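Commentary on secondary and tertiary structure
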Amino acid sequence: MVDKVNVGIIGCGNIFPAYMKGLRNYEILEVAAVADMDLSRAQARAKEFNIPHAYSVSELLADPSIEIVVNLTVPQAHAEVTLVILNAGKHAYGEKPLALNRDEGAQILASASAKGLLVGSAPDTFLGGGIQTARKVIDDGLIGRLIAATACMAGHGPESWHPNPEFYYKLGGGPMFDMGPYYLTALINLMGPIKRVTGSAQISFPERIATSKEKNGLKITVDVPTYVAGIMDFASGAVGTIITSFDTWSHNLPLIEIYGSEGSMNVPDPNNFGGKVLVRRWDEKDWREIKLSHSDEIGRGTGVADMAYAIRSGRAHRASGQLAFHVLDLMQSFHEASSQGTHVTLTSTVVQPAALPVGLKKGTLDS
Ligand SMILES: NC(=O)c1ccc[n+]([C@@H]2O[C@H](COP(=O)([O-])OP(=O)(O)OC[C@H]3O[C@@H](n4cnc5c(N)ncnc54)[C@H](O)[C@@H]3O)[C@@H](O)[C@H]2O)c1
């Protein structure tokens, strides 16, 4: 019998249902309680998903049965909430970004390390069949030595669909802090850490007007760059480029492509768990699809389950605080490189997370 880990969730907003669906895929996890600064939201979600307790934040943190607390608050509250979770003696797993800046992120890692607790962070989409298959293509040597990569996330912002879109245009928002983590985490998982970056960033529209049904007509002042282009030097010697934009109506660029000495790979959307992996080696006439080596029938919360296995067995977890901190360092560095007109050498690094084993039983992450 699996030794279950009880989970509490703080933040019962838009992304909450996706987590409930994903967390309940795993036999090791039990969602025991939820909390929100707006207690009525927690009560409504507890009823909707049949969760035993709807608490205030302090009640949830005082419940001794809870081992991991998942932080699904808005980016501006991530560090503060993660620090109180750690102070309560519980492992913390949060939505991206880890924090608003390096100082806050470093405080989180230091607090966890001092207390012997684990910190994890979204995204965990890189644990899905799409990116894990791409990783296997690289590890198996199919495209040879890694030369370069390109990544592009370009759309026209979330104010057309999100019920509370303001946070996307405040510190901690913008396309790089919001969507960059999916692309950068996937790239680091595939190609290893990054040692130096430069970038250019701009605010293309100083004001946005929401058209989502909840906030139609709301004027939002834009505080952060909404078009960010970056260049990365990987520690391995490969070169990467990335665009993140909330200012683009349409485009035909690949989401992620990786170029090796023996061939090229088209990597599926790093915001999803599946998708098509395409490879074209130097001697092939066309792209061919690679059958997924890992399951794509998993969802958000897989990183929490991986952390639960790590707590029970003592092994490393994959969607780790160190990985999220390296991503945060990169995102801040692209913006600093742009405002200062320079390259930025990163002070952080991370060990590439272990690839997931092939052939895992559904609902488990360790073979
Ligand atoms: N909405 C999406 O599609 C989506 C997708 C992936 C990731 N995310 C990430 O998930 C996080 C949450 O996004 P969302 O869309 O659910 O936002 P949301 O605004 O819909 O919900 C956030 C919830 O957190 C609560 N909250 C805020 N500050 C709090 C605090 N200090 N203490 C307790 N509760 C607090 C709010 O009351 C609200 O219920 C963000 O980091 C976002 O980037 C969202």
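What you see is a predicted model; the values in this text were computed from it and never measured.

Attention now moves to the nonpolar core. The biggest cluster of nonpolar side chains holds 103 residues, and the ones touching the most others in it are Val7, Leu29, Tyr183 and Val304. No other element matches helix H7 (residues 174-191), which puts 11 residues into this core. Here this core spans two domains, and each of domain 1 (5-124 + 299-318) and domain 2 (129-290) adds at least three residues to it. What Leu29 contacts, discounting residues up to four positions off in sequence, is Lys4, Val5, Val7, Leu23, Val304, Ala305 and Ala308.

For the rest of this paragraph, the subject is the sheet that holds strand S1 (residues 5-10). Strand order across the open sheet formed by six strands is S3-S2-S1-S4-S5-S6, with parallel pairing between neighbours. If you trace the sheet from one side to the other, it starts and ends with strand S3 (53-55) and strand S6 (119-121), each paired once. Neighbour to neighbour, the strand axes of the sheet diverge by 25 degrees on average, direction disregarded. Where S1 and strand S4 (residues 68-71) come together, four bridges link them in parallel fashion. Counterpart to Ile10 in the pairing with S4 is Asn71. Running at roughly 160 degrees to strand S5 (residues 91-94), helix H8 (residues 302-313) makes contact with S1, strand S2 (29-35), S4, S5 and S6 of the sheet.

Examined at the domain level, the chain breaks down into domain 1 (5-124 + 299-318) and domain 2 (129-290). Inter-centroid distance (C-alpha atoms) of domain 1 to domain 2 is 25 Å. Residue classes in the side of domain 1 that touches domain 2 are distributed as five nonpolar, three polar and one charged.

Buried residues dominate S2, accounting for six of its seven residues. For S1 and S2, the ladder comprises six bridges, and the chain directions are parallel. Paired with Asn6 across the bridge in S2 is Glu30. Regarding the hand of the β-α-β motif, the stretch spanning S1, helix H1 (residues 16-23) and S2 is right-handed. Remark: the S2/helix H2 (residues 39-49)/S3 crossover connection has right-handed handedness.

Time to look at helix H9 (residues 321-340). An ideal rise of 1.5 Å per residue puts 28 Å on 20 residues; H9 measures up with 27 Å between its terminal C-alpha atoms. Backbone geometry just downstream of H9 places Gly341 in the positive-phi region, at approximately 65 degrees.

Once that is clear, we can look at H2. Among the residues making up H2, those that are buried are Ala42, Arg45 and Ala46. Taken end-on, H2 shows its buried residues confined to a sector of 105 degrees, consistent with a single buried face. Exposed residues pointing more than 90 degrees away from the buried face of H2 are listed as Ser40, Lys47 and Glu48. Residues of H2 that are buried make contact with H1, S2 and S3. Positive backbone phi, approximately 55 degrees, marks Asn50, located one or two places after H2.

A separate point is the site of the ligand. Taken together, 20 residues are adjacent to the ligand, and Gly11, Gly13, Asn14, Met37 and Glu95 come closest. Residues belonging to the shell around the ligand are distributed by class as follows: 10 nonpolar, five polar and five charged.

This next bit is on the packing of helix H5 (residues 102-115) against H9. In the contact formed by H5 and H9, the axes pass within 10 Å of each other and the chain directions differ by 165 degrees. One way to sum up the angle between H5 and H9 is to call them roughly antiparallel. For the crossing formed where H5 meets H9, the hand is left-handed. Touching Arg102, Gly105, Ile108, Leu109 and Ala112 of H5 are Gly321, Phe325, Leu328, Asp329 and Gln332, all from H9. Taken together, the residues of the contact of H5 with H9 break down into five nonpolar, three polar and two charged.

Calculation criteria
Residues numbered from 1 in each chain as written. Predicted model: local features only at pLDDT ≥ 70, side-chain atom pairs only at ≥ 80, totals over all residues. Core = buried A, V, L, I, M, F, W, Y, C linked by C-beta atoms within 7 Å. Buried ≥ 20, exposed ≤ 12 C-beta atoms within 10 Å, placed from the backbone. Helix = DSSP H or I, 4+ residues; strand = E, 2+ residues; numbered from the N terminus. Domains from an automatic or database assignment. Contact = placed C-beta atoms within 7 Å. Pairing = 2+ DSSP bridges. Axes fitted to C-alpha atoms, helices over the stretch in contact; angles between N-to-C directions. Nonpolar A, V, L, I, M, F, W, Y, C, P; charged D, E, K, R; others polar. Right-handed = clockwise from strand over helix to strand, strands pointing away. Expected span 1.5 Å × (residues − 1). Arc of directions from axis to C-beta. Near = placed C-beta within 6 Å. Parallel < 35°, antiparallel > 145°, perpendicular 65-115°, else oblique. Left-handed = near helix turned anticlockwise from the far one by under 90°.

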